[in-house]
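Secondary and tertiary structure notes
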Amino acid sequence: MKKLDRRVLRTRQSLSDAMISLALEFGYEAITIKLLTERAGIGYATFFRHFKRKDDLLLHVLQSGLVEMLDLLKPEMTSYEEALITFGHIRKNPGIFSLFANLPRDHKAIAVVMEAISNSIKTRYVSRDESFIPQEVAINHLATSVIELVRWWIENDMKYSIEQMATIQSELIVKATEIVAVDRRVQRRSDSAAD
């Protein structure tokens, strides 16, 4: 059973790697199942034992990268620390995130990623009592802004350092939204140290 599990994981990893390299080389729309299986070094029929469509593989690749990144974020982190982790993870895994950044903004995979990021943000924030901005609007703003900042950074060859991008995300997006719309569910480490 374990041997089968390793084989399945290895096949999925080969397909994921093929998806990333082909998308960066030719663009996502030009990829065919035949190209994927040839690049991955697997049989054509094997693809369909793992995924129904090319879009299913795309979602698997994006969700795997996103889950791995979100698992690194801890509730006690400051917004700057979270951003450092985020941009550091993107720098270490440029293929997955370049694939994401090169998808059209209306691609259905973007909506799936947006939902996952929004759900993660919801676990960290509550509405401010005095805010007239509904929490769902603030969460959407945070998620969309972070996605677009990541997309911009990748499209501009990651020319700013991880630390600079963490500062931009923390100050320009997160703290600005916190001021007018949401509060963290848990106190930041720096806040509790001051007590």
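Fair warning: this is a prediction, and the values are worked out from it, not measured in the lab.

Quick look at the packing of aromatic side chains now. Counting across every chain of the model gives 5 aromatic pairs. A ring pair is formed by F47 and F51, whose centres lie 5.9 Å apart and whose planes are at 45°; its orientation type is tilted. Like F51, F47 is buried. Taken together through their ring pairs, the aromatic side chains of Y44, F47, F48 and F51 make up a single cluster. Residue placement shows R12 over the ring face of F51; its charged tip is 5.0 Å from the ring centre. The aromatic ring of F100 is capped on one face by R151, whose charged end is 5.7 Å from the ring centroid.

Relative to the helices and strands, Q169 is located in helix α9 (residues 162-180). If near-sequence neighbours (up to four positions away) are discounted, Q169 is found in contact with A83, F87, V146, L149 and V174.

Mean pLDDT over the protein: 88, with 93% of residues reaching 70 or higher. Taken element by element, the protein is modelled with least confidence in helix α10 (residues 189-194), mean pLDDT 43, and with most confidence in helix α2 (residues 33-40), mean pLDDT 96. Confidence drops under pLDDT 50 across residues 188-195; counting only partners more than four residues distant or on other chains, this segment forms 9 contacts.

Where helix α6 (residues 94-101) contacts helix α8 (residues 135-155), the axes come no closer than 9 Å and their chain directions differ by 110°. Comparing the axis directions of α6 and α8 gives the class roughly perpendicular. Facing α6, whose interface residues are F97, S98, F100 and A101, α8 presents I147, R151, I154 and E155. Here the residues of the contact of α6 with α8 sort into 5 nonpolar, 1 polar and 2 charged.

All right, on to the pattern of salt bridges then. Two side chains with opposite charge may pair up if their charged atoms get near one another. Within the structure shown, the criterion is met by 12 salt bridges. Of the charged contacts in the structure, one is a salt bridge between K175 and E171, with a shortest N-O distance of 2.9 Å. Taken together, the positions of K175 and E171, both in helix α9 and 4 residues apart, correspond to about one turn of that helix. Judged by relative accessible area, which is 33%, K175 ranks as partly exposed. Given the relative accessible area of 44%, E171 is considered partly exposed. Across the pair R184 and E178 runs a salt bridge whose closest N-O atoms are separated by 3.3 Å. Overall, the relative accessible area of 10% leaves E178 in the buried class.

Our next topic: α8. Compared with an ideal rise of 1.5 Å per residue, which puts 21 residues at 30 Å, α8 spans 30 Å between its outermost C-alpha atoms and is within 8% of the ideal. Of all the positions in α8, only A138, I139, L142, A143, S145, V146, I147, L149, V150, R151, W153 and I154 are classed as buried. Looking at the buried side of α8, the elements it contacts are α5 (79-92), α6, α7 (108-122), β1 (125-127), α9 and β2 (182-184). At the C-terminal side of α8, D157 shows a positive phi close to 55°.

Calculation criteria
For every chain, the first residue of the written sequence is number 1, and numbering continues from 1 along that sequence. Only residues with pLDDT of at least 70 are given local features in this predicted model, and only at 80 or more are side-chain atom pairs given and counted; all residues enter the totals for whole chains, interfaces and linings. Side-chain calculation: all heavy atoms of the structure are included, whereas hydrogens and water are not. Within 6.5 Å between ring centres, the rings of Phe, Tyr and Trp (the latter by its six-membered ring) count as paired, and their orientation is classed by plane angle as stacked under 30 degrees, edge-to-face over 60, tilted in between. Note on classification: 1.4 Å probe, protein chains only; a residue is buried when its accessible area is under 20% of the maximum for its type, exposed when over 50%, partly exposed between these limits. Here, over-ring charges are defined by two tests on the NZ atom of lysine or the CZ atom of arginine: distance to the ring centre within 6 Å, and angle to the ring normal within 35 degrees. Under the DSSP-based scheme used, a helix requires at least four consecutive residues in state H or I and a strand at least two consecutive residues in state E, with every element numbered from the N terminus. Here a residue-residue contact requires only that any non-hydrogen atoms of the pair lie within 4.5 Å. Each residue gets a pLDDT score, which is the predictor's confidence in that residue and runs from 0 to 100. Whenever a helix is involved, its axis is fitted only over the stretch in contact; in every case the axis is a line through C-alpha atoms, and angles between N-to-C directions fall within 0 to 180 degrees. Any angle that falls under 35 degrees is termed roughly parallel, while one over 145 is termed roughly antiparallel, one within 65 to 115 roughly perpendicular, and all others oblique. The residue classification treats Ala, Val, Leu, Ile, Met, Phe, Trp, Tyr, Cys and Pro as nonpolar and Asp, Glu, Lys and Arg as charged. All others, Gly included, are polar. The term salt bridge refers to a side-chain nitrogen of Lys or Arg lying within 4 Å of a carboxyl oxygen of Asp or Glu. Expected helix span is taken as 1.5 Å per residue step, with the number of steps being one fewer than the number of residues.

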